[in-house]
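# Structural overview for review
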Amino acid sequence: MVVNVKVFGSFTKKGNHTYRKTAYIQWGESEKTLGACLLLNPGSAKLDQDLLTTLEMKGAAKGFIKNVDPTMRQLITIVESIYSKGDINGRLYIYNLFNLQHTRAIDAIELFESQVQSGEYDIKGSLISKSELQKHPWLLLGWGLKPKNKWTNLQVIRDDWIKLINESGIPIFGKKHESSKNYYHVCPQKQSDRQIIVNQIVENYNSIRAEKLKKGSRYLIEKYVNKHEDCLNKSIFMSSPSLLSFSDKSQDIQWKSPLLENGYREYSNEIFDLDKSWESNKSKIEMYWPKKGPQWDGVATVQGKNGEKGLILVEAKAHLHEMRSTIKAKDNRSIELIHRTIGNVKEAVGSQAVLDTWLNRYYQLSNRLAYLYILNIKFNIPTWLILVNFVDDRSYKSTSVCEWLDHYQNVFTEMDINFSSSSLFTHLVNIYPISPD
């Protein structure tokens, strides 16, 4: 096991039986979810002695799991294979069909069935909420055993989990059984088979990841810009009096990205190349932001009444999970620059929220607001930031208008954003288009 990887869990004990309520594998320090897995039940991992003592004395404990079992080691190998091209910093969350800790699967199931029948165990005790499940970018399935007909309770909880997964819309992968709803265990008993299944699972992950590129916000904004441009333009103008007032009514929004004709290319600081009067700012941006700026989901220009050109930058989202983000910069100079600029933005808009909220809860929105500030205030480029929040996305995860509105109310409250406090916010636009068929 890699030195900087640790495993944590929370446990309860009733009589002679131990139940693991939660568990996660931690790389680095970040609390960000890397993904999740759904297995059969907690196995043979041994608890730290202090944790075990607390559990014996109080009947509940949480903390470090010292000696991990082969399944945990296999999960570590899988995650490190999935994220092999970058530093891993975050958590793999582990869920189980049932929470009874037992080394041998068949004996564990028999005991689980008996406890459910006697009322000693709540059959739905392992289930989580849909919103919690949707926080994860993916779910690895691997509970291993095909339920026997007599294992009726195991079949019930398995089907409840499958229903929850389907409703959540979360991407799933694993080695699926050829003729049933089940998935092979992630850690085969034969040592020689373990790397084989790791390779199969990673290949399956890469497949669903490639498929995901045809879903969600990226897919939807590509479809709107290329096939429903007029509808998108009208929605933007209807939602932004300042942009409508600026624009020459004889001209329309001119989309530059993402366009089918140039391979759906996305712009970063190439936005400064879209007008000759903006080009000089490309070298100045490093006064306010690290050299590599945000990558925009959509970019357009608009002609102003006075002959001046305006810039439209789009951030698209299809579900709430996409809103949570933390600062990723590691270079000290970049971190210092980001802190200073976002601090200036907060001051300019009168936000009294702690800087950590902007940096480690809603960093992506924060850095987009920082660019809105830099372009409008420092570079005098008329710029509008359009937050495109797709409603009822049937290609991936569905989010209703009410869910979006409730979410933004919470976000703006936490960031202490008051739209009457600064003229900059007249250039921040929220729209809620229905996901196209």
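We now turn to the structure provided with this report. The structure displayed is predicted, hence computed values, not measured ones.

### Quick look at the sheet that holds strand S9 (residues 298-303)
Spatially, 5 strands are ordered S8-S9-S10-S11-S12 in an open sheet, and the strand pairing comes out mixed. On the outer flanks of this sheet lie strand S8 (254-257) and strand S12 (428-431), each paired with one strand and no other. Averaged over all pairs of adjacent strands, the angle between their axes in this sheet comes to 25 degrees, without regard to strand direction. Direction of pairing for strand S11 (residues 383-389) relative to S12: parallel, over a ladder of 4 bridges. Along S12, the bridge assignment pairs Val-388 with Ile-431. Of the strands in this sheet, strand S10 (309-317), S11 and S12 are in contact with helix H12 (residues 363-378), which crosses S11 at around 155 degrees. Running at roughly 130 degrees to S11, helix H13 (residues 401-414) makes contact with S10, S11 and S12 of the sheet.

### Describing the environment of Phe-246
By secondary structure assignment, the location of Phe-246 is in helix H9 (residues 241-246). When the C-alpha atoms of Phe-246 and Lys-309 are compared, they prove to be 9.5 Å apart, with 63 residues separating the residues in sequence. If sequence neighbours within four positions are ignored, Phe-246 has contacts with Val-302, Gln-303, Gly-304, Lys-305, Glu-308, Lys-309, Gly-310, Pro-382 and Trp-384.

### Some points on the sheet that holds strand S4 (residues 60-65)
Taken together, 7 strands build an open sheet; the order of strands is S4-S1-S2-S5-S3-S6-S7 and the sheet is mixed. Strand pairing shows two members of the sheet lacking a second neighbour, S4 and strand S7 (172-173), which therefore form its edges. One ladder, built from 6 bridges, connects strand S3 (residues 33-39) with strand S5 (residues 90-96); its direction is parallel. Across the sheet, residue Leu-38 finds its bridge partner in S5, namely Tyr-95. Along the sheet, helix H2 (residues 70-82) makes contact with strand S1 (5-14), strand S2 (17-27), S3, S5, strand S6 (139-141) and S7, crossing S2 at roughly 25 degrees.

### Remarks on the pairing of S5
Taking burial as the measure, the 7 residues of S5 include 7 buried ones, the bulk of the element. Two elements, S2 and S5, share 4 bridges in a ladder whose sense is antiparallel. Note on S5: the bridge partner recorded for Tyr-24 is Tyr-93.

### Thoughts on the packing of aromatic side chains
Counting across every chain of the model gives 21 aromatic pairs. Pairing Phe-112 with Tyr-121 gives two aromatic rings, centres 5.5 Å apart and planes at 75 degrees, and the pair type is edge-to-face. Here the two residues Phe-112 and Tyr-121 agree in accessibility, since each one is buried. Among the aromatic side chains, those forming a connected cluster through ring pairs are Trp-404, Tyr-408, Phe-412, Phe-419 and Phe-425. For the cation-ring pair, Lys-176 lies above Tyr-183, with the distance from its terminal atom to the ring centre recorded as 5.9 Å.

### Quick look at the packing of helix H7 (residues 216-227) against helix H8 (residues 229-239)
For the pair H7 and H8, the least separation of the axes is 5 Å and the interaxial angle reads 100 degrees. The angle between the axes of H7 and H8 places the two elements in the roughly perpendicular class. From H7, Ile-221, Tyr-224, Val-225 and Lys-227 reach across to H8, where they touch Glu-229, Cys-231 and Leu-232.

### A look at the pattern of salt bridges
Tallied over the full model, the rule gives 13 salt bridges. Linking Asp-160 and Lys-124 is a salt bridge whose minimum nitrogen-to-oxygen distance equals 2.6 Å. With Asp-160 in helix H5 (residues 152-168) and Lys-124 in the loop between helix H3 (105-118) and helix H4 (130-133), the pair connects residues that are 36 residues apart, well separated along the chain. The network of salt bridges with common partners includes Arg-218, Glu-222 and Glu-266.

### Remarks on the packing of helix H10 (residues 332-349) against H12
Their axes nearest at 9 Å, the elements H10 and H12 cross at an angle of 75 degrees. By the angle between their directions, the pair H10 and H12 is classed as roughly perpendicular. Facing Ile-338, Thr-341, Ile-342, Asn-344, Val-345 and Ala-348 of H10, the residues of H12 in contact are Tyr-363, Ser-366, Leu-369, Ala-370, Tyr-373 and Ile-374. Counted by class, the contact of H10 with H12 contains 9 nonpolar, 3 polar and no charged residues.

### Let's talk about the environment of Arg-104
In this structure, Arg-104 sits in the loop between S5 and H3. Taking the C-alpha atoms as reference, Arg-104 lies 9.7 Å from Asn-41; in sequence the two are 63 residues apart. Within the structure, Arg-104 has its side chain in polar contact with the side chain of Asp-107 (distance 3.1 Å).

### Focus: the side chain of Thr-71
Topologically, Thr-71 is positioned in helix H2. The exposure class assigned to Thr-71 is buried, which follows from its relative accessible area of 17%.

### Some points on the state of the cysteines
Counted according to the given criterion, the structure contains 0 disulfides. Of all cysteine sulfurs, the one in Cys-187 lies closest to Cys-37, which takes part in no disulfide; the gap is 12 Å. According to the relative accessible area criterion, Cys-37 is buried, its value standing at 0%. No disulfide involves Cys-231; its sulfur sits 20 Å from that of Cys-402, the nearest cysteine.

### Remarks on the side chain of Ser-422
By the secondary structure assignment, Ser-422 is in the loop between H13 and S12. Overall, the relative accessible area of 14% leaves Ser-422 in the buried class. What Ser-422 contacts, discounting residues up to four positions off in sequence, is Ala-348 and Val-349.

Rules used in this analysis
- Residues numbered from 1 in each chain as written.
- Predicted model: local features only at pLDDT ≥ 70, side-chain atom pairs only at ≥ 80, totals over all residues.
- Heavy atoms only, no water.
- Pairing = 2+ DSSP bridges.
- Helix = DSSP H or I, 4+ residues; strand = E, 2+ residues; numbered from the N terminus.
- Axes fitted to C-alpha atoms, helices over the stretch in contact; angles between N-to-C directions.
- Contact = heavy atoms within 4.5 Å.
- Buried < 20%, exposed > 50% of the residue type's maximum accessible area, 1.4 Å probe, protein only.
- Phe/Tyr/Trp six-rings, centres within 6.5 Å; stacked < 30°, edge-to-face > 60°.
- Lys NZ or Arg CZ within 6 Å of the ring centre and 35° of its normal.
- Parallel < 35°, antiparallel > 145°, perpendicular 65-115°, else oblique.
- Salt bridge = Lys/Arg side-chain N within 4 Å of Asp/Glu carboxyl O.
- Nonpolar A, V, L, I, M, F, W, Y, C, P; charged D, E, K, R; others polar.
- Polar contact = N/O pair within 3.5 Å; in protein donor to acceptor, adjacent residues only side chain to side chain.
- Disulfide = S-S within 2.5 Å.

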